[in-house]
Amino acid sequence: MVANLSSTSKQIDTILVLDFGSQYTQLIARRVRESDVYSEILPWDINENKIKSINPKGIILSGGPDSVTDNYTPRVPQIVFDLNIPILGICYGMQTLAEQFGGQVISSKKKEFGYSELNVTADCILFSNLDKTLNVWMSHGDQVQDLPDNFDLVASTSSAPIAAMQHSTKLIFALQFHPEVTHTDDGRTILDNFIFKVCKANPDWKMDDLIGQRIQEIKNQTENNKVLLGLSGGVDSSVTAALLQKAIGNKLVCVFVDNGLLRKGEAEEVMNTFKENMNLNVIKSDSEDVFLRHLKGVEDPEQKRKIIGRTFIDVFDAESKKLKKVHFLAQGTIYPDVIESSGSESKEARVIKSHHNVGGLPDEMKMDLVEPLRDLFKDEVRKLGVELGLPSEMLNRHPFPGPGLGVRILGEVTKDKTTILKEADHIFIEELIKADLYKMVSQAFAVFLPVKSVGVVGDERRYAEVIGLRAVETVDFMTARWAHLPYDFLEHVSGRIVNEIEQVSRVVYDISSKPPATIEWE
Ligand code: XMP
């Protein structure tokens, strides 16, 4: 993986993470930053000048998918040892340390994945003030069989007799388990012990520093050239816009495509925030008609997704062609997108963020990418947004799918249906906020169902539309539980929807969890 960070002008204490390819590498850097110490990730084969320019207080060697028992697998470069600073090897990082110091690593037939009970058997500063028995998270095939010279055993598990070791004279430590994942008991304390007690780093890093640093990086990369950004109104593209504006001012040109499938008032809010209040150069493309025309008569959800994606590209492409000499395209790619889209950070595997589930931009639009949030997690992006002064309603909004109401209207999408759904959704969300329930659920929205149903309103029979309400609680959106909203609340929302939207005769509440149901209805 290649992190896009470069050194700041102000030298702050830095813990360098050398990446051997683990899925948890970013998590290590994130944990360090959570302790207010700056952390930077670089590929394991870092060169001497680079490492010296960073001047780290300590180095963490990540895990990785390779086996040190194979030829030509990554090793820690000699410069890392020559610096004589503290080193912590995790998983593969431990195995390569063991091998490089003359110990023996074996490939075990059984891969150990999950919880293990760790017994700490010797004094070690990493485990200071902790219990002698901890539940730790393991994910490895290989393990250290024989301790290398000058290393002492620190802890064992039943399947990994050498689960932690330390050098007898140097500040070199190694752990077979993953302290960076939340499943490991006291993982945070173990990492803090390394950061503060071993490396003696100062907790003097703040989000502000990250903003200053990213601004400098954007300036260096774009060298006073114009940058194009597709603004969607979502958290990631909004924070990217705010950051770029601070960095390059009016060299940033944003294109906001109003596809008519956004939530009620969303387009106006985006324009108010960015154009009116932040004076950003935003070109609004009022493209509702084009989208609806292309969607006419289409009922199949996958078809609808493809049409919305393609139409977005066409509109965006047409708008950007009106601009002269734009070589850079900014994107609000965040770290989970990187994992989901390619699983790899290599340049070849880079994928245009598919926020509209598009395969990428057309060839003739190939521009250099500017992705200042590429190594951050969602909550870090939100914190950055707060520091940049974005409204909290924008930052803390529930997720919204790229194809928007297109996937929340079942069957053909029409202007009438979008109008009804926007109103119903707005009532539901407004009431959730009023009742202080909005933050309690992870995602909530209304769905336009493809059936009509009979109702009685006043003395009149009303044969009209049915609206579904969906609210879920989830951490990762991979699994979700339907939210147990109070009956009184649901009754009130249902009453408002039927009374205020005359085209609706009935409201239903979705009590399906994921799996087997998905969160969206499609
Ligand atoms: P499902 O319906 O698969 O949704 O359980 C999981 C989460 O993903 C969101 N979602 C999307 N987000 N583009 C997006 O950016 C999309 O095409 C898309 N489809 C679903 C959904 O809202 C939920 O949060």
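Residues numbered from 1 in each chain as written. Predicted model: local features only at pLDDT ≥ 70, side-chain atom pairs only at ≥ 80, totals over all residues. Heavy atoms only, no water.

Outline the pattern of salt bridges, listing residues and values.
In total, this model carries 32 salt bridges according to the counting rule given. With a shortest N-O distance of 3.1 Å, Arg 263 and Glu 266 are connected by a salt bridge. Accessibility expressed as a relative area gives 3% for Glu 266, which makes it buried. With a shortest N-O distance of 2.6 Å, Lys 284 and Asp 286 are connected by a salt bridge. Classification of Asp 286 by relative accessible area gives exposed; the value is 58%. Salt bridges sharing partners connect three or more residues here, namely Arg 30, Arg 31, Glu 34, Arg 188, Asp 192 and Asp 379. (Salt bridge = Lys/Arg side-chain N within 4 Å of Asp/Glu carboxyl O. Buried < 20%, exposed > 50% of the residue type's maximum accessible area, 1.4 Å probe, protein only.)

Describe helix α15 (residues 487–500), and please don't skip the residues or the numbers.
When the terminal C-alpha atoms of α15 are compared, their 20 Å separation across 14 residues agrees well with the 20 Å that a helix rising 1.5 Å per residue should span. For α15, the full list of buried residues reads Phe 489, Leu 490, Val 493, Arg 496, Ile 497 and Val 498. Looking at the buried positions of α15, the neighbouring elements they touch are α14 (415–434), β15 (443–457), β16 (460–473) and β18 (504–509). (Helix = DSSP H or I, 4+ residues; strand = E, 2+ residues; numbered from the N terminus. Expected span 1.5 Å × (residues − 1). Contact = heavy atoms within 4.5 Å.)

So what's going on with the site of the ligand? Residues and values would help.
In the vicinity of the ligand there are 12 residues, among which Arg 305, Gln 443, Lys 514, Ile 519 and Glu 520 approach most closely. The side chain of Lys 514 places a nitrogen or oxygen atom 2.6 Å from an oxygen atom of the ligand. Compared with its free state, where it exposes 500 Å², the ligand has 74% of that area covered by protein. Residues belonging to the shell around the ligand are distributed by class as follows: five nonpolar, four polar and three charged. (Near = heavy atom within 4 Å. Polar contact = N/O pair within 3.5 Å; in protein donor to acceptor, adjacent residues only side chain to side chain. Areas by Shrake-Rupley, 256 points an atom, 1.4 Å probe, with all protein chains shown as cover. Nonpolar A, V, L, I, M, F, W, Y, C, P; charged D, E, K, R; others polar.)

Tell me about the sheet that holds strand β14 (residues 368–370), residues and numbers included.
Reading across the sheet, the five strands line up as β12-β11-β10-β13-β14 and stay open at both edges, with parallel pairing between neighbours. Each end of this open sheet is capped by a strand with a single partner; those strands are β12 (282–286) and β14. The mean inter-strand angle of the sheet, taken between neighbouring strand axes irrespective of direction, is 30°. Sheet topology note: the strand β10 (residues 226–230)/strand β11 (residues 252–258) ladder contains four bridges and is parallel. (Pairing = 2+ DSSP bridges. Axes fitted to C-alpha atoms, helices over the stretch in contact; angles between N-to-C directions.)

Tell me about the pairing of strand β4 (residues 87–90), and please be specific about residues and values.
Burial along β4 is two-sided: Ile 87 and Gly 89 facing one way and Leu 88 and Ile 90 facing the other are all buried. Across four bridges, β4 lies against strand β9 (residues 172–175) in parallel orientation. When the bridges of β9 are listed, Leu 88 appears paired with Phe 173.

Which residues make up the packing of aromatic side chains, and what values do they have?
The full count for this structure, using the stated rule, is 12 aromatic pairs. Where Phe 127 meets Phe 177, the ring centres are 6.4 Å apart and the plane angle is 50°; that geometry is what we call tilted. Of this pair, Phe 127 sits in the loop between β5 (104–120) and β6 (133–146) while Phe 177 sits in the loop between β9 and α5 (187–198), and the two are 50 residues apart along the sequence. Residues Phe 127 and Phe 177 agree in their burial class; the two are buried. (Phe/Tyr/Trp six-rings, centres within 6.5 Å; stacked < 30°, edge-to-face > 60°.)

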